[in-house]
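Structural overview for review
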Amino acid sequence: YLQSQAARESNARSYPRRIPIAILEAEGIYVKDMDGKVYYDCLAGAGTLALGHNHPVVIDAIKTMLDSKRPLHTLDLTTPLKEQFVDELFSSLPEAFAKDARIQFCGPTGGDAIEAAIKLVKTATGHRSILSFQGGYHGSTHGTMSLSGTLGQKERVHGLIPDVHFLPYPYAYRCPFGVGGEQTHRISSRYIENLLNDPESGVVSPCGMIFEAVQGEGGSIPAPVEWIREMRRITQEKNIPLIIDEVQTGLGRTGKMFAFEHAGILPDVLVLSKAIGGSLPLSVVIYHKKLDAWKPGAHIGTFRGNQMAMAAGLATLKYIKENDIATKAEQLGNRLRDRLNELKSKVEFIGDVRGRGLMIGVEIVNANEEPDKLGHFPAYPKLASRIQQECLHRGLILEIGGRHSAVMRFLPPLIVTEQQIDEIARIFSEACHASCA
Ligand code: PMP
């Protein structure tokens, strides 16, 4: 299978290159390949599988749909299920946000919901430029790629949205200002405020600001809560709609239902996908009604609001709430970070361990090269790649992210147990040592 698919798929094929296994079955945090080998899946559909593979409540919801006469696809026509899904989703949001919120079902991917969010704020403000952040990732379509601060995909695609201003994300370890620590987010906020106050800067009237509260693909980088509050204050003062991309962070992953809740702020626009479809494709944009300048049909698409995905998503949302999965994700995330920090103290090629909840990154560095001004060694993508393969060999699926492809990303399903966390950390440690042997 591996060979025949590699021969027929496009050169853009990505995950199977680094994770060359053929998956036959999956349950919870485990996947089994065609040779019967079992792996811990810490990629979990790039953070989609909040409840892991084939969780009984998700399977039940899907079976119930199949056994009923309910439609599997209805465009965005009215169904009782849609009503239930929106009720459940709105009751998961902070009350102050939900009470004035509008929802738009989008195409099945996160990228489509980001496209919708951009169109929404452009329509509402009449402005065209947008503020985005270095290292951010928002999707792979023309529009979303334009907003993403990751060069790789953009390199040979011309004609992206020109009016994107990239701002410095508070990534303290590789501080854009060469200072690090708390100064990173303080300077970032001041820089951004100054830019917006300067009529000569050309960024005085953007249609919106977009960021991830924890950068995912950019290398699991949590923005300090003080910085998030500052971004909220600045955008509020300047009347700039704030879009928070929670495609990856939403639904408990970071230890709260939504990552913006750590900062106690409310966005103007919230984008959700991945986990809200309970492993099936679904995405939505939820926003303050004051932004609703859209005409009917302003964002359409055939596969919006898929009924099956709503059924699976509804079951997932309920389970997460009823079992306080977000709090568990926080505790388990702390446990995993503790284990990884123990390892960091013993080896010199782990430069940084960071994250929030069960969204954790380990930055692999080259201790044989010159450190930067902060004493941090350069990223070491080759070693990260070796560690990834050693992990795979030992039954652990991990993806690599970050701007220099040197961050090992841990995104296990949120139903992972303490024992499994310890086992994942143990395998990772073994793989690290083997990679350097
Ligand atoms: N935003 C974020 C934060 C993401 O992590 C992703 C996907 N990794 C996207 C947007 C795009 O979602 P999709 O791949 O479903 O288009």
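Residues numbered from 1 in each chain as written. Predicted model: local features only at pLDDT ≥ 70, side-chain atom pairs only at ≥ 80, totals over all residues.

Looking at an unreviewed UniProt entry, one finds the protein named Diaminobutyrate--2-oxoglutarate transaminase and attributed to Paenibacillus naphthalenovorans. You can read under Sequence similarities (unreviewed entry) in the UniProt record for the protein the words "Belongs to the class-III pyridoxal-phosphate-dependent aminotransferase family." (UniProt positions renumbered as here; feature names shortened; annotations may be inferred.)

Before going further, it helps to examine the overall build of the protein. Regarding its fold elements, the protein presents 15 helices and 17 strands. In terms of C-alpha radius of gyration, the protein reaches 21 Å, essentially the compact-globule figure of 22 Å for 437 residues. Along the first, second and third principal axes, the C-alpha atoms of the protein reach 60 × 60 × 45 Å. For the protein, buried positions account for 49% of its 437 residues. Put simply, 72% of the contacts in the protein that link residues at least 6 apart link residues at least 24 apart. (Helix = DSSP H or I, 4+ residues; strand = E, 2+ residues; numbered from the N terminus. Rg over C-alpha atoms; globule rule 2.2 N^0.38 Å. Buried ≥ 20, exposed ≤ 12 C-beta atoms within 10 Å, placed from the backbone. Contact = placed C-beta atoms within 7 Å.)

This part takes up helix α5 (residues 80-92). In this model, α5 (13 residues) spans 19 Å end to end at C-alpha, consistent with the 18 Å of a helix rising 1.5 Å per residue. Residues of α5 that are buried include every one of Leu81, Phe85, Leu89 and Ser92, and no others. The buried side chains of α5 occupy one side of the element, clustering within an arc of 60° when seen end-on. With respect to the buried face of α5, the exposed residues turned more than 90 degrees away are Pro80, Glu83, Asp87 and Ser91. The elements touched by buried residues of α5 are α12 (307-322). (Expected span 1.5 Å × (residues − 1). Arc of directions from axis to C-beta.)

Where helix α14 (residues 381-393) meets helix α15 (residues 418-436), the closest approach of the two axes is 8 Å, and the angle between their N-to-C directions is 125°. Classified by the angle between their axes, α14 and α15 sit oblique to one another. Between α14 and α15 lies a crossing of right-handed hand. Seen from α14, the contacting residues are Leu383, Arg386, Ile387, Glu390 and Cys391; seen from α15, they are Ile427, Phe428, Ala431, Cys432, Ala434 and Ser435. (Axes fitted to C-alpha atoms, helices over the stretch in contact; angles between N-to-C directions. Parallel < 35°, antiparallel > 145°, perpendicular 65-115°, else oblique. Left-handed = near helix turned anticlockwise from the far one by under 90°.)

What surrounds the ligand is a group of 15 residues, the closest being Thr109, Gly110, Gly111, Val247 and Gln248. By residue class, the composition of the shell around the ligand is 4 nonpolar, 8 polar and 3 charged. (Near = placed C-beta within 6 Å. Nonpolar A, V, L, I, M, F, W, Y, C, P; charged D, E, K, R; others polar.)

This paragraph deals with the sheet that holds strand β4 (residues 101-106). The strand order across the open sheet formed by 7 strands is β4-β12-β11-β10-β7-β5-β6, and the pairing between neighbours is mixed. Every interior strand has two partners, whereas the edge strands, β4 and β6 (164-167), have only one. Pairwise comparison of adjacent strand axes, ignoring direction, gives a mean angle of 20° for this sheet. Two elements, strand β5 (residues 130-133) and strand β7 (residues 208-211), share 2 bridges in a ladder whose sense is parallel. Of the residues in β7, the one forming a bridge with Leu131 is Met209. (Pairing = 2+ DSSP bridges.)

Turning our eyes to something else, we now look at the nonpolar core. In this structure, Cys42, Ala117, Val271, Val285, Ile364 and Leu396 are the most contacted members of the largest nonpolar core, which totals 122 residues. Examining the composition of this core, we find that 10 residues originate from one element, α12, more than from any other. No fewer than three residues from each of domain 1 (2-54 + 325-436) and domain 2 (60-322) sit in this core. Ignoring sequence-local partners within four residues, the contact set of Leu396 consists of Tyr39, Tyr40, Cys42, Cys391, Ile424, Ile427 and Phe428. (Core = buried A, V, L, I, M, F, W, Y, C linked by C-beta atoms within 7 Å. Domains from an automatic or database assignment.)

Let's shift gears to the domain arrangement of the protein. As far as domains go, the protein holds domain 1 (2-54 + 325-436) and domain 2 (60-322). The gap between the C-alpha centroids of domain 1 and domain 2 is 25 Å. With 31 residues of domain 1 at the contact, the number on the domain 2 side is 30 residues.

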